[in-house]
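# Geometric and topological summary
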Amino acid sequence: MNIQHNSKLKISLNNLDDITQNTLKFFFKSNLCEKAELNIKDDNANVLIIDLDRQYNKEIIPNLKKNNQFVIFLHNEMNTPLSEENTYNVTKPVQIKYLKQQISFIAQRINDAKKSNDDSGDATKNNFAAPANDGQSKPSSQSLGLINNKSHTQNFENNHLNMALKNSTDSSTLNQYKAHKHVGSNRDINPDNPEELNKIYHNPKKYLYHHLVQAVKLGKDNKSNVLIKTLFGNLFFDYKSQVLFHSFDNAKMRYFKSSPLFIETKVVKASLFKMAKKDYSISQDAESLIWQSAISASKGRLPLGTSLTQAIEMNCWPNFSRLLVFRYVIQIAAAWSTHHMSLLDTASQLKIPQRYIFTLYNAMLAIGCVKIDNVIQGTGKINRKKMKKVFSKILSHIFSH
Amino acid sequence: MKSSHKIIFSGPVGAGKTTAITSISDIPTVRTEESASDETKDLKDTTTVALDYGAIILQDNTRIHLYGTPGQKRFDFMWEILTNGGIGLLLLIDGSDSNAINNLKFFLSSFKNFIDKTSVVVGITKQDVNKKYNLEEYQEVLNKGLPVIPIYEIDARSRKDVSLMVETLLYTLDPKISI
């Protein structure tokens, strides 16, 4: 296959986490990227998108030029990007505008090379015309093993996002997808299958939110300020104002909130807070930061040992008007506020993917609004009101404005 | 003839009922404000003496009536009339009022029959102006156990905040609503 002048680049997605994989599939399947499309056959890809922070087949890199291929590496800000020939980099979390920019550079290079070859009339000099896929220059299927997308594709066909894709690619769909970033991409599990059960739990002690919760509790119990010592810098909890001070910029904080890095974190009383501006220049409302961190850490998972069948005991509504919300949160909280329901009851009764319910539970647990009732089992059924049709219409009206 | 549905906005004088209705109404709000002449005068220049009226007009022209009750306790005889047939109650409390907790208790108690039959969402306004109590202090006033009453800090001028209250009201009435 030779790529035609101005035809679309063939993109192959590799070793990506499910969220990024699905996001990029959405991006390339929609009409949001005119210059590239998803590759169907692996060995024809012009561009491989690879997560530099995960394991990948490093043998590909030296052969990129020979194979007329390019790589776009996705990498964490703290990870040094590669600067090999035919490689480009995009910092995570991936911003579509930067990804499009890199794709444009690659497309431009390919087109320039094609033009130059056309001008010289020598097709054999076409270095960037197409990925080599025959003879000696064809990368072996082994070396391209990491580009096998079949399993991901299968997942994708079944997941929630695909439902949205079928409908449209307008802004409402984009907004709908946007919500998924908060809850991960775990599929519903069968609780009777122990292997699947393992996937839905995380160890809170490894995450920032757990230590923030501990700090607020310690502050409340002792009526004192608290220092949270982490390997990456300290956070300071001011008890009186209920504010957390730190020096992590948005990108770092986003990373810290979602990464299991805080196992060695210590929470200690701090009698005085000598404001060293350079150390603690950023302040955030404690509840809001805990809430966001718990959502980012959960990504559709529950704290280790959480019962799926005991009823949830809700004791207060989160102040949703001032907190980050994602799809279904009001509906789920409303069910818990009016019925003795377990986590599994909630998913089955409301017909909402489990990951939304687990994420909300984790966040509400972190701010102390829910816990598992050890006595009452989930009883399940929700009785419906007669006026449900008009309620639906009112909600549609509200959401459309 | 289309059937009629109504959502009730209540709360003490100056809590933002008129403003909240205006925030989400699809028609110009009908106000029945008059110059304040009693103790209300200390709180604001004009006040609602009968009721406020707005409406959400749905796509099929169904009208959801939005009624704001007068805030003064001497008009409480109107509250029962207004709530008759209502979908539920949005209760607004002025968070800058040092009597806010008592006001919350009073209104929850006054509308108890209606709330028991329907549902209520509480919005604490003016928390950014001069907050007298934290949200936890309001939550402590409420009964323990189910149903857990939703309380939000809101800005009555914000369509988003008032819409959140309506959304919450509807879902507490029926968590299974699908859109």
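Residues numbered from 1 in each chain as written. Chains lettered and ligands numbered in written order. Predicted model: local features only at pLDDT ≥ 70, side-chain atom pairs only at ≥ 80, totals over all residues.

## Digging into the overall build of chain A
The number of helices and strands found in chain A is 14 helices and 14 strands. Counting across all 401 residues of chain A, residues that qualify as buried make up 41%. The long-range fraction of contacts in chain A, counting pairs at least 24 apart against all pairs at least 6 apart in sequence, stands at 70%. (Helix = DSSP H or I, 4+ residues; strand = E, 2+ residues; numbered from the N terminus. Buried ≥ 20, exposed ≤ 12 C-beta atoms within 10 Å, placed from the backbone. Contact = placed C-beta atoms within 7 Å.)

## Examining the overall build of chain B
Scanning chain B from N- to C-terminus turns up seven helices and eight strands. Expressed as a percentage of the 179 residues in chain B, the buried residues total 47%. Put simply, of all contacts in chain B between residues at least 6 apart along the chain, 68% involve residues at least 24 apart.

## Looking at the sheet that holds strand 6 (residues 86-94) of chain B
Residue and element names in this part refer to chain B. In space, the six strands of this open sheet follow the order 4-5-1-6-7-8, with mixed pairing throughout. Edge positions in the open sheet fall to strand 4 (52-57) and strand 8 (151-153), since each of these has one partner strand only. Between one strand axis and the next, the sheet turns by 20° as a mean value, whatever way the strands run. (Pairing = 2+ DSSP bridges. Axes fitted to C-alpha atoms, helices over the stretch in contact; angles between N-to-C directions.)

## Things to note about the interface of chain A and chain B
Between chain A and chain B, the contact holds 29 residues from the first and 31 residues from the second. Elements represented by at least two residues in the side of chain A that touches chain B include exactly helix 11 (329-338) and helix 14 (388-399) of chain A. With eleven residues, the top contributor of residues to the side of chain A that touches chain B is helix 14 of chain A.

## Looking at unusual backbone geometry
Note the cis peptide between L146 of chain B and P147 of chain B, where omega equals -5°. Topologically, P147 of chain B is positioned in the loop between helix 6 (135-141) and strand 8. Phi angles above zero are rare outside glycine, and Y328 of chain A is one such case at about 75°. Residue placement: Y328 of chain A occurs in the loop between strand 13 (310-314) and helix 11. Residue Y328 of chain A is classed as buried on the basis of its C-beta count, with 20 C-beta atoms lying within 10 Å.

## A few points about the sheet that holds strand 8 (residues 233-238) of chain A
All names here are of chain A. Read across the sheet, five strands follow the order 10-7-8-9-11 without closing on themselves; strand pairing throughout is antiparallel. Looking at which strands have only one partner, the edges of the open sheet turn out to be strand 10 (266-270) and strand 11 (282-285). Going across the sheet, the axis of each strand differs from the next one's by a mean of 25°, ignoring polarity. Where strand 9 (residues 243-246) and strand 11 come together, four bridges link them in antiparallel fashion. The partner of L244 across the bridge, within strand 11, is Q284. Strands in contact with helix 8 (residues 208-222) are strand 7 (225-230), strand 8, strand 9 and strand 10; relative to strand 7, the strand with the most contacts, it is inclined by about 155°.

## Remarks on the environment of L304 of chain A
Residues and elements named next belong to chain A. Assignment of secondary structure puts L304 in the loop between strand 12 (302-303) and strand 13. Taking the C-alpha atoms as reference, L304 lies 7.6 Å from P204; in sequence the two are 100 residues apart. Leave out the neighbours within four places in its chain, and L304 touches Y201 and N203.

## A look at helix 10 (residues 286-298) of chain A
Because each turn of an α-helix spans 3.6 residues, side chains separated by three or four positions in sequence point in the same direction. All names here are of chain A. Here helix 10 contains 13 residues, and its C-alpha end-to-end distance of 18 Å stays within 8% of the 18 Å for a straight helix at 1.5 Å per residue. Where burial is concerned, most of helix 10 is hidden: twelve out of the 13 residues are buried. The complete set of buried residues in helix 10 reads A286, E287, L289, I290, W291, Q292, S293, A294, I295, S296, A297 and S298. At the C-terminal side of helix 10, K299 shows a positive phi close to 40°. (Expected span 1.5 Å × (residues − 1).)

## Brief notes about the nonpolar core
In this structure, L212, F237, I290, I332 and Y361 of chain A together with L90 of chain B are the most contacted members of the largest nonpolar core, which totals 112 residues. It is helix 13 (residues 354-366) of chain A that provides the largest number of residues to this core, a total of nine residues. Each of domain 2 (204-296) and domain 3 (300-399) of chain A accounts for three or more of the residues forming this core. Those residues in contact with I332 of chain A that sit more than four places away from it in its chain are T346, L350, I352, Y356, I357 and L360 of chain A. Ranked by size, the runner-up nonpolar core spans 29 residues in total, among them I11, L48, I60 and A107 of chain A. (Core = buried A, V, L, I, M, F, W, Y, C linked by C-beta atoms within 7 Å. Domains from an automatic or database assignment.)

## Some thoughts on the packing of helix 10 of chain A against helix 13 of chain A
Residues and elements named next belong to chain A. At a closest axis distance of 8 Å, the pairing of helix 10 and helix 13 adopts a crossing angle of 145°. Our pair here, helix 10 against helix 13, has a crossing hand that is right-handed. Within the contact between the two elements, helix 10 uses I290, W291, A294, I295 and S298 and helix 13 uses F358, T359, N362, A363 and A366. Taken together, the residues of the contact of helix 10 with helix 13 sort by class into seven nonpolar, three polar and no charged. (Left-handed = near helix turned anticlockwise from the far one by under 90°. Nonpolar A, V, L, I, M, F, W, Y, C, P; charged D, E, K, R; others polar.)

## Details of the environment of F320 of chain A
Mapped onto the secondary structure, F320 of chain A falls in the loop between strand 13 and helix 11. With ten residues separating them along the chain, F320 of chain A and I330 of chain A place their C-alpha atoms 8.3 Å apart. If near-sequence neighbours (up to four positions away) are discounted, F320 of chain A is found in contact with V325, V329 and I330 of chain A together with Y152 and L164 of chain B.

## Focus on the pairing of strand 4 of chain B
Taken residue by residue, a regular strand's side chains alternate between the two faces of the sheet. All names here are of chain B. Two elements, strand 4 and strand 5 (residues 63-68), share six bridges in a ladder whose sense is antiparallel. Bridge pairing in strand 5 places I56 opposite I64. Hairpin connection from strand 4 to strand 5: five residues lie between these consecutive antiparallel strands, with N61 at a positive phi of about 70°.

## Here's the deal with the environment of L350 of chain A
If you trace the backbone, L350 of chain A turns up in helix 12 (residues 343-350). Ignoring sequence-local partners within four residues, the contact set of L350 of chain A consists of Q331, I332 and A335 of chain A together with P175 and K176 of chain B.

## Considerations on the confidence of the model for chain B
Of the residues in chain B, 87% have a pLDDT of 70 or more, and the chain-wide mean is 88. Here the complex is predicted with pTM 0.69, and the ipTM for its interfaces comes to 0.90. (pLDDT = per-residue confidence, 0-100.)

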